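Chains, contacts and geometry: an overview
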Amino acid sequence: MSSATEIDLAVAFIKTTGLRLLLPDLQAALESESGRRVRVLTSDYLDITDPEALRLLLLLQEQGAEVRVFVTAGSSFHLKAYIFTRLSEGNLVAGTAFVGSSNISRQALQEGLEWNYRVVYPGDRGFLEARTRFEEIFTHSRTVALSDAWIESYENRRVPPPRSVAPGSHEQEAPPEPTAVQKAALAALTETRQQGFRRGVVVLATGLGKTWLAAFDAAQLSARRVLFVAHREEILAQAAATFLRIRPAARVGYYMGRSRDAEVDVLCASVQTLGRAEHLERFSPQHFDYVVIDEFHHAAASTYRRLLGHFAPAFLLGLTATPDRTDQSDILSLCDDNLVFTRNLFEGIRAKLLAPFHYYGIHDESVDYREVPWRNGRFDAEELSNKLATLARARHAVQQWQLRAQKRTLAFCVSTKHAEYMASQFQKAGISSAAVYAGSTLGRAQALEQLRDGQLSVIFSVDLFNEGVDVPGIDTVMMLRPTESKILFLQQLGRGLRLSEEKEHLVVLDFIGNHQSFLQKPQALFGVGATYNALAAFARKAEQGRLELPEGCYVNYDLKIIEFLKSLDSAGTQKDYEALRASLGRRPTLSEFYRSGTSIQAMRQQHGCWFELVNTMGDLDHDEVGVLKTLGGLLREVEITPMTRSFKMVLLEAWLELDGLVTPPTVARLSQRSWEVLHRRPRLLSDLSEQVTRLTDGLDVRWIKYWRDNPINAWIGGNRVATTASFFRVEEDRFSLAQPLPPEAADAAAALLQELAAYRLATYEARLPAVAEPSNVIPFPSKQRAEVELPYFPNLKIACGHFRAGRTDAEEHRRLPEAYGKLDATRHFIARASGNSMDGGKTPYAMATTCCWNW
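Below or above, wherever it landed, is the structure these notes cover. (Residues numbered from 1 in each chain as written. Predicted model: local features only at pLDDT ≥ 70, side-chain atom pairs only at ≥ 80, totals over all residues. Heavy atoms only, no water.)

**Quick look at the overall build of the protein**
For the protein, the count of helices and strands is 31 helices and 31 strands. Going through the 855 residues of the protein one by one, you find that 56% of them count as buried. The long-range fraction of contacts in the protein, counting pairs at least 24 apart against all pairs at least 6 apart in sequence, stands at 74%. (Helix = DSSP H or I, 4+ residues; strand = E, 2+ residues; numbered from the N terminus. Buried < 20%, exposed > 50% of the residue type's maximum accessible area, 1.4 Å probe, protein only. Contact = heavy atoms within 4.5 Å.)

Here's what the structure looks like:
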């Protein structure tokens, strides 16, 4: 299959269990750059073929395959033929056909006693006859194209035989059940909806089943129509198959590239396609009951905002695997800063859902990464490949592998050249190895089988095993390339974290070089903050053996790496910014800067405001620089304007959602959307007066008056002295900028204002009492407003009396009830504390707590 340019399958029966074994390689064939042809022919003979398998084939058809069904109408159809053809410049050069007894079922393909005859061309002209006969039956008058309508008709009339008539004909997959972690997340999602939230974020480590959770939650909400949005087609294909497992009778389709399957029950859409205005207009705002947004670090948040500003589902779920709140900032702001549930990789290991690991951070001593050009957040691919495919580095990798590896190794390489070179060097050292990539001689499925059987010890892969491939037997992962993404690093690590009876733990051989991109690895694996200070503190803990690890886990870093990390030291705001930019692979947002624990106060003292710093660092494009010059005063006002209540930012959020820079909304429309924004964020409803909370409609004239008298009046200068200019105006009952803005600058201005509004709402909500705190947020006994509000320092860690240097500006606050005693905000603050030195004895009583301390 991996070497064929045309793949033709003709089988009487297709069971879901067997099709899942072939799907990854069929999809890989369709996704290859050469655009290989895939055709599948099956039948309704004896009603054995699974409707769910047909729906999976329908998804394959949307990815480019041709799928047809022979309608038997009482006649026999008993074909089993697998035909693989290789063409070069349109000419047949080689081919292999297997004709025999194997249908597509797990038993027929893996377990049963089956005979298939192999026909090879050139040599046996029977291959040509097999191709001809396939063509005849594929275009036969009783052969029809597969469609949703045909599957539903087949399902309604289907009467499977009462006993087995062919190997695997009665195979059925057990219905999927949520894991313990997924059940806890489902309960949290139910609770957050009961509290009034219509959006929320769930953080689940790679391997804990984010997409499964979304499918289970949509089912428990009885969502009729579901939209799943992601930025890569592989993710969408996995999501489609997952939702089909939960809802086997559902119509599932794609909205990406050239595929536009809008009228389905579950639509898996690429943000790049659906995010465009002309495509959004095809759907009403209430078209979907449930919307899922997956990781979107590779796509602009503004694209998602446009999409989410259009749709109004009953619930919107944001999914991410990143453990760091800094990296969650964009997705949190899209989901009204409602963090519903979180379980990181370590918690997955403790729950026995993932395998423990032995991690070795190995100094990549033979490569100077500073010599490789770094452009747009990534290394130059060709230069990097040249640096990595060297004899010295290969010998170093062989030595480390021989010292620490187990039986089955999956190694990640940067390019085809790199993978081939590493495989050849390992083979020279007597280690059975192979390079596997799109178009390689050895296919993915074949390579995994050889690894399983012991014929191979190492697979050197390029992009084929990052995610979505079931490889539980892998017991060693070797990372021979830098990863510009934390998510990619965690996905690669996750290939070996699957539980298996064949391994006690996973060995990770991670080659770390002298470049900022490698700093993402401890950040991703251990949840280390993005600042240089945080990385240096982590290195000291690792050096002293004080890392808190799950049972069965082990970590060892080369001393040179420890010294490199310890040498990192923040030298001010710009260094913090640089570290965060390197961590994210792009310029950070203000919310990300804030959540990284860096000093907002110091930033303003040095640069005046956030976008002045961003401009100083060279990270504003031409349009954004123009907006900064034109609307600099407004941007600064939004960033620092006093907020005794949330209303000004709620109004700004609503105005931006309505595209107010281009088409100023009426006061009534703006008030209505502001009502919707407020009610998406139940924490903010406490800002409303008691009289207003009784209103039930955002179009109520009393609400419109209330909104006009408060934030609208404030933004147009009603609370200012006469000599102070205002940045907004109401003219002909429409709310707009007081200063005209060129139309071509609207997108850039909207993005900058949205960034500030998201930050202000995040910091404001952090000051409010929690409605339902997730497991990683400090809980307090009372959820009522209290008399004392204390600064909370999320970046400050107290070791039961002794703490490292922190900063005195706090953007987060927490209210405490009177039960905590007499507290003074000028003298007390809140931070996390951990350790066992509180009583100085062998039986400490302060293992982990949250404390109030004197300044």
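From this point, the discussion proceeds with the structure in view.
**Re the packing of aromatic side chains**
If you walk through the whole model with that rule in mind, you get 36 aromatic pairs. Taken together, a centroid distance of 5.2 Å and an interplanar angle of 55° make the contact between Phe647 and Trp707 tilted. Placement of the pair is Phe647 in helix α27 (residues 647–657) and Trp707 in helix α30 (residues 701–715), with a sequence separation of 60 residues. Centroid distance Trp655 to Phe735: 6.1 Å. Interplanar angle 85°. Geometry classified as edge-to-face. With a gap of 80 residues between them, Trp655 in helix α27 and Phe735 in strand β26 (residues 734–737) connect regions that are remote in the sequence. A relative accessible area of 0% means that Phe735 is categorised as buried. Grouping aromatic residues by their ring pairs yields a cluster made of Phe346, Phe357, Tyr359, Phe526, Phe538 and Tyr557. Taking the ring centre of Phe138 as reference, the NZ or CZ of Arg39 above it sits at 5.0 Å. The positively charged end of Arg193 is found above the aromatic ring belonging to Phe315, 4.8 Å away from the centroid. (Phe/Tyr/Trp six-rings, centres within 6.5 Å; stacked < 30°, edge-to-face > 60°. Lys NZ or Arg CZ within 6 Å of the ring centre and 35° of its normal.)

**Examining helix α24 (residues 600–607)**
Taken together, the buried positions of α24 are occupied by Ile600, Ala602, Met603 and His607. The buried residues of α24 all sit within an arc of 160° when viewed along its axis, so they share a single face. In this structure, the buried side of α24 is in contact with α22 (573–584), α23 (590–595), α25 (610–616), α26 (622–640) and α31 (746–766). For α24, the side-chain oxygen to backbone nitrogen distance between the N-cap and Ala602 is 2.8 Å, and the N-cap itself is Ser599. (Arc of directions from axis to C-beta. Polar contact = N/O pair within 3.5 Å; in protein donor to acceptor, adjacent residues only side chain to side chain.)

**Some details on the environment of Leu227**
Mapped onto the elements, Leu227 comes out in strand β9 (residues 226–230). On the accessibility criterion, Leu227 (0% relative accessible area) is buried. When the C-alpha atoms of Leu227 and Ala269 are compared, they prove to be 7.2 Å apart, with 42 residues separating the residues in sequence. Contacts of Leu227, omitting those with residues within four sequence positions, involve Leu267, Ala269, Leu274, Phe288, Tyr290, Val291, Val292, Leu307 and Phe311.

**Some points on the pairing of strand β3 (residues 66–70)**
In this structure, strand β2 (residues 37–43) lies alongside β3, joined through 5 bridges in parallel fashion. Opposite Arg39, over in β3, you have Glu66 as the bridge partner. What joins β2 to β3 is helix α2 (residues 51–62), and the crossover it makes is right-handed. As defined by bridge partners, β3 adjoins strand β7 (residues 143–145) across 3 bridges and the pair is classed as antiparallel. The residue bridging Arg68 from the neighbouring strand is Ala145, located in β7. (Pairing = 2+ DSSP bridges. Right-handed = clockwise from strand over helix to strand, strands pointing away.)

**So, unusual backbone geometry**
Residue Tyr121 is joined to Pro122 through a cis peptide bond whose omega torsion reads 0°. Within the fold, Pro122 resides in the loop between β6 (116–121) and α4 (126–138).

**Side note on the nonpolar core**
Ranked by internal contacts, the top residues of the largest apolar core, which has 126 residues, are Leu345 and Phe357. Looking at this core, the element that brings in the most residues is helix α8 (residues 233–246), giving 9 residues. Excluding its chain neighbours within four sequence positions, the residues that come into contact with Phe357 are Leu345, Phe346, Ile349, Leu506, Val508, Leu525, Gly552, Cys553, Tyr554 and Val555. (Core = buried A, V, L, I, M, F, W, Y, C linked by side-chain atoms within 4.5 Å.)

**Some thoughts on the pairing of strand β1 (residues 6–11)**
In terms of residue burial, β1 counts as a mostly covered element, since 6 of its 6 residues are buried. By the alternation rule, side chains of β1 split into Glu6, Asp8 and Ala10 and Ile7, Leu9 and Val11, which are all buried. In this structure, β1 lies alongside strand β4 (residues 80–88), joined through 6 bridges in antiparallel fashion. Residue pairing for β4: Leu9 is matched across the bridge by Tyr82. Taken together, the 5 bridges between β1 and β2 define a ladder with parallel strand orientation.

**Re the pattern of salt bridges**
If the charged atoms of two oppositely charged side chains come close together, the side chains can form a pair. Counted under the stated rule, the structure contains 43 salt bridges. A salt bridge links Arg131 to Glu6; its shortest N-O distance comes to 2.8 Å. Here Arg131, found in helix α4, pairs with Glu6, found in strand β1; they are 125 residues apart in sequence, far enough to count as distant. Taking the relative accessible area as the measure of exposure, Arg131 reaches 24% and is therefore partly exposed. The salt bridge partner of Asp700 is Arg702, with a shortest N-O separation of 2.9 Å. (Salt bridge = Lys/Arg side-chain N within 4 Å of Asp/Glu carboxyl O.)

**A look at a negative patch on the surface**
On the surface, Asp621, Asp623, Asp659, Glu744 and Asp747 cluster together to form a negatively charged patch. Along the polypeptide, Asp621 turns up in the loop between α25 and α26. Residue Asp621 is classed as partly exposed on the basis of its relative accessible area, which comes to 41%. (Patch = residues over 30% accessible without salt bridge, like charges linked within 9 Å, V, L, I, M, F, W, Y side chains within 5 Å. Areas by Shrake-Rupley, 256 points an atom, 1.4 Å probe, with all protein chains shown as cover. Lys, Arg positive; Asp, Glu negative; His and termini not counted. Charge placed at Lys NZ, Arg CZ, Asp CG, Glu CD.)

**Quick look at helix α16 (residues 416–428)**
Compared with the 18 Å implied by 1.5 Å per residue over 13 residues, the 18 Å span of α16 between its first and last C-alpha is a close match. Turning to α16, its buried residues are His418, Ala419, Met422, Ala423, Gln425 and Phe426. What you see down the axis of α16 is that its buried residues fit within an arc of 165°, all on one side. Phi for Gly430, located one or two positions after α16, is positive at around 85°. (Expected span 1.5 Å × (residues − 1).)

**A short note on the side chain of Arg683**
In this fold, Arg683 is placed in the loop between α28 (667–680) and α29 (690–693). Judged by its relative accessible area of 11%, Arg683 falls in the buried class. A distance of 3.1 Å separates a polar atom in the side chain of Arg683 from a polar atom in the side chain of Glu765.

**Structural notes on the sheet that holds β2**
The strand order β6-β5-β4-β1-β2-β3-β7 describes an open sheet built from 7 strands, whose pairing is mixed. Two strands lie at the open edges of the sheet, namely β6 and β7, each paired on one side alone. Averaged over neighbouring strand pairs, the angle between their axes works out to 15° when direction is ignored. (Axes fitted to C-alpha atoms, helices over the stretch in contact; angles between N-to-C directions.)

**Let's talk about the packing of α27 against α31**
Orientation of α27 relative to α31, taken along the N-to-C sense of each, is 145°, at an axis distance of 10 Å. In this structure, the crossing between α27 and α31 has a hand that is left-handed. Of the residues in α31, those in contact with Met649, Val650, Leu652, Glu653, Trp655 and Leu656 of α27 are Ala750, Leu753, Gln754, Ala757, Arg760 and Leu761. Across the contact of α27 with α31, the residue classes tally to 9 nonpolar, 1 polar and 2 charged. (Left-handed = near helix turned anticlockwise from the far one by under 90°. Nonpolar A, V, L, I, M, F, W, Y, C, P; charged D, E, K, R; others polar.)

**Things to note about the sheet that holds strand β22 (residues 476–479)**
Within a sheet, neighbouring strands are paired by backbone hydrogen bonds and run either parallel or antiparallel to one another. One open sheet holds the 7 strands; their spatial order is β20-β21-β19-β22-β23-β16-β24, and the pairing between them is parallel. Each of the sheet's edge strands pairs with one partner strand only, and the pair in question is β20 (433–436) and β24 (554–557). Averaged over all pairs of adjacent strands, the angle between strand axes in this sheet comes to 15°, irrespective of strand direction. Pairing of strand β19 (residues 409–412) with β22 involves 4 bridges; the strand directions are parallel. Note that in β22 the partner of Leu410 across the bridge is Val477. On the sheet, helix α17 (residues 444–453) packs against β19, β20 and β21 (458–461) and is oriented at approximately 155° with respect to β21.

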